[in-house]
Amino acid sequence: MKAARKPRVVIPAILPVIIALTLPLAATAEDPGACFMVTSSGRTVNLGKLCGVSQPNSRIFRVPIKRRSAKTPVIDVTFNGNQVFEMILDTGASGTLITQEMAKALNLKPSGILNASIADGSQIELKTGVVKTIAVNGLIANNIEVAIAPKADIGLLGHDFFENYDVKILEKQVEFHRR
């Protein structure tokens, strides 16, 4: 008696080529951003919320609150790409106001005059100058005319900077949501 013979399966040589052609030609990697960790299993975990860091191409820019002045957030603001100053995030100010000391540090030459109404309703005259860039954690505005306050202790970041964003003030951070 003859043993039953198993049928032989032959995979045509063309099959690996067909499989290769149906697979994507290039793999794409997602940029995890500046704040992430890799678990022991190799999975990347985004820690942007914990770090207060905005992710690339995000519609939300998160900024840590350093402290508060009269319950109003104080955040770090970068001018001209290299000088950082604490400023009050003033959602009631139409424009940005810098101190005389900030203007000196930025070597900002006054180029105009602004008549402004202040909170008590009175009118004041302020010198103005143009700052090349104002940035907050990835959110950048170019060529902003700022008012220079001769007696202020801290600057005010106003709507001219964040006018295209909805602002959400949380306990420890501010979120700028792109419209």
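Because the structure is a prediction, the values reported are computed rather than measured.

Section: the overall build of the protein chain
Now for step 1: A tally of regular secondary structure across the protein chain gives 4 helices and 13 strands.
Now for step 2: Looking at the protein chain as a whole, 32% of its 179 residues qualify as buried.
Now for step 3: Taken as a whole, the protein chain presents about 12400 Å² of accessible surface, with 55% of it coming from carbon and sulfur.

Structural notes on the pairing of strand β12 (residues 165-169)
Now for step 1: As defined by bridge partners, β12 adjoins strand β13 (residues 173-178) across 5 bridges and the pair is classed as antiparallel. When the bridges of β13 are listed, V167 appears paired with F176.
Now for step 2: Connecting the antiparallel pair β12 and β13 is a turn made up of 3 residues.

Overview of the packing of aromatic side chains
Now for step 1: Under the definition given, this model contains 4 aromatic pairs.
Now for step 2: Their ring planes at 80° and their centres at 6.0 Å tell us that F61 and Y165 sit as a pair that is edge-to-face. Placement of F61 in strand β3 (residues 60-64) and of Y165 in strand β12 is noted, with a sequence separation of 104 residues between them. Across the pair, exposure class does not vary: F61 and Y165 are buried alike.
Now for step 3: Centre to centre, the rings of F161 and F176 are 6.4 Å apart; their planes meet at 85°, and the pair counts as edge-to-face. Highlighted residues: F161 in helix α4 (residues 159-162) and F176 in strand β13, separated in sequence by 15 residues. Each member of the pair F161 and F176 is classed as buried.
Now for step 4: Clustering of aromatic rings is evident, with ring pairs tying together F161, F162 and F176.

Things to note about the pattern of salt bridges
Now for step 1: Inspection of the entire model under this criterion finds 5 salt bridges.
Now for step 2: Here E86 makes a salt bridge to R67, at a shortest N to O gap of 2.8 Å. Here E86, found in strand β6 (residues 83-89), pairs with R67, found in strand β4 (residues 67-69); they are 19 residues apart in sequence, far enough to count as distant.
Now for step 3: Among the charged side chains, a salt-bridge network with shared partners connects K66, R67, D76 and E86.

As for the sheet that holds β3
Now for step 1: Taken in spatial order, the 3 strands of this open sheet run β3-β13-β12, and their pairing is antiparallel. Lying at the two open borders of the sheet, with one neighbouring strand each, are β3 and β12. The sheet shows a mean angle of 20° between the axes of neighbouring strands, direction not considered.
Now for step 2: As paired strands, β3 and β13 are joined by 5 bridges and run antiparallel to one another. Among the inter-strand pairings, V63 is bridged to a residue of β13, identified as V174.

Topic: the pairing of β6
Working note: regular strand, side chains alternate between the two faces of the sheet.
Now for step 1: Across 6 bridges, the pairing between strand β5 (residues 72-79) and β6 is antiparallel. Note on β6: the bridge partner recorded for V74 is I88.
Now for step 2: Taking the residues that link successive antiparallel strands as the turn, the β5-β6 hairpin has 3 residues, and the phi of N80 there is positive, at about 50°.
Now for step 3: Here 3 bridges tie β6 to strand β11 (residues 155-157), and the two strands are oriented parallel to one another. Its bridge partner lying in β11, I88 is registered against L156.

Some points on the environment of P73
Now for step 1: Residue position: P73 is located in strand β5.
Now for step 2: Taking the C-alpha atoms as reference points, P73 and L89, 16 residues apart in sequence, are found 5.7 Å from one another.

Calculation notes
Residues numbered from 1 in each chain as written. Predicted model: local features only at pLDDT ≥ 70, side-chain atom pairs only at ≥ 80, totals over all residues. Heavy atoms only, no water. Helix = DSSP H or I, 4+ residues; strand = E, 2+ residues; numbered from the N terminus. Buried < 20%, exposed > 50% of the residue type's maximum accessible area, 1.4 Å probe, protein only. Areas by Shrake-Rupley, 256 points an atom, 1.4 Å probe, with all protein chains shown as cover. Pairing = 2+ DSSP bridges. Phe/Tyr/Trp six-rings, centres within 6.5 Å; stacked < 30°, edge-to-face > 60°. Salt bridge = Lys/Arg side-chain N within 4 Å of Asp/Glu carboxyl O. Axes fitted to C-alpha atoms, helices over the stretch in contact; angles between N-to-C directions.

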